[in-house]
Amino acid sequence: MKYVRLGSSSLEVSPACLGSMTWGLQNNQSDSNAQLDYAQSQGINFVDTAEMYAVPPSAETYGKTEEIIGHWLGANPSRRKNIVLASKIAGPGFSYIRDGSNISGASVIAAVEASLKRLQTDYIDLYQLHWPNRQSPHFGRHWPNGINYPQVNVEQQNEEMLDILQGLDSCVKAGKIRYCGLSDDTPWGINQYLRLSAEHNLPRMVSIQNEFSLLHTKDWPYLIENCVHEDIAYLPWSPLATGLLTGKYLNGQRPAGSRFTFMQRNGLFRDTANTSAAVQAYVDLAKKHHISPAHLALAWCKQVHGVTSTIIGATNMQQLTENINAFNQPLTPDVLEDIKQVLQRFPSPF
């Protein structure tokens, strides 16, 4: 497998990143061990988690995913050096996580300590802010006037960002994290952090992970252009659009144990009439070219200029095997042209 540099860091990561958010709810320790073992055997060295996981989030499952990874690391200590381990601090909004408070420098330090204990490791390679303190235009809030930007207190945001960077700096100097990154943020957020880092000689953000798929391409081209020119790794999450792009939810289907059968924080806002029409078109296109819908969606994501590593997730080994194989089988020009035609018909179905 060909590895790629993670933004301006010294880390080399696989083009597929193993996501873990189902571990602790849809998947147990044994399932997760099997996924970690198989992914590593296939050359995947990048593993992403978060203190908030498992998902959908709840007080009962908070921290469970990190604990599962920690048990695997505890049983396989020699493997730690062979993986790039990423985790995240939760942003505001959940009463059971620091009383729903904003991210601060102090909460970063405390959260890193707690994650290290759950993960049974001395350091985290990439530590990310799961979402910003200010309202984020993600999770269905990307439509015009979904956020009242003129009401944002920029001075306050900058003060909070500086405090966060100082907390991250303390963790870096202590050897507890190696690099820092963002998630569910914007070009403005990226650039404010870069400016503050340069002005105050603090750690530089090296990556951002945002939702990105054939059903949700809003980061192209503006945010991705920003990432490329500022040497920020772009890490798409949910490249299968929470499983929609596999076609398994078409015609109202809800396979037992699938994500759509669990309570969702903001409802199933991705499940619209336009989404169903787009998914059907992609499923038909995949059938035409004799590949699976998941292969179509994941291989498309990989070939987008500026994408560094795509975060994949699976609830069983068959899914994981299919997902990983997609990164070894590029799409032909004919397939890409057909995808373009569908994408132009359904540029933003949810």
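Attention in this report is confined to the structure presented alongside it. (Residues numbered from 1 in each chain as written. Predicted model: local features only at pLDDT ≥ 70, side-chain atom pairs only at ≥ 80, totals over all residues. Heavy atoms only, no water.)

With that out of the way, let us pick up the sheet that holds strand E3 (residues 16-19). Ordered by their spatial adjacency, 8 strands build an open sheet running E9-E8-E7-E6-E5-E4-E3-E10, and the pairing between neighbours is parallel. The open sheet has two edge strands, strand E9 (233-237) and strand E10 (310-312), and neither has a second partner. On average, each strand axis in the sheet is tilted by 30 degrees relative to the strand beside it, whichever way the strands run. (Pairing = 2+ DSSP bridges. Helix = DSSP H or I, 4+ residues; strand = E, 2+ residues; numbered from the N terminus. Axes fitted to C-alpha atoms, helices over the stretch in contact; angles between N-to-C directions.)

Looking now at the pattern of salt bridges. Within the structure shown, the criterion is met by 17 salt bridges. Overlapping salt bridges, with partners in common, bring together Glu51, Glu66, Arg98 and Arg118 in one network. (Salt bridge = Lys/Arg side-chain N within 4 Å of Asp/Glu carboxyl O.)

A volume near 930 Å³ is recorded for the largest pocket. Every residue lining the largest pocket is counted, 48 residues in all, and those nearest its centre are Met21, Ser238, Thr242, Gly243 and Arg259. Looking at the lining of the largest pocket, the elements that each hand over two or more residues are helix H8 (293-303), E10 and helix H9 (317-326). Ranked by residue count, the leading element in the lining of the largest pocket is H9, at 4 residues. When its volume is computed, the second largest pocket comes out at roughly 310 Å³. Along the walls of the second largest pocket sit Phe212, Thr217, Trp220, Trp300, Gln303, Val304, His305, Leu336, Ile339, Lys340, Leu343 and Gln344, which together make up its complete lining. It is helix H10 (residues 333-345) that contributes the most residues to the lining of the second largest pocket, 5 residues altogether. (1 Å grid on protein atoms, 1.4 Å probe; cavity = no way out; pocket = protein on both sides within 12 Å on 5 of 7 lines; lining within 4 Å. Points joined across faces, edges and corners; volume = space filled by probe spheres on them.)

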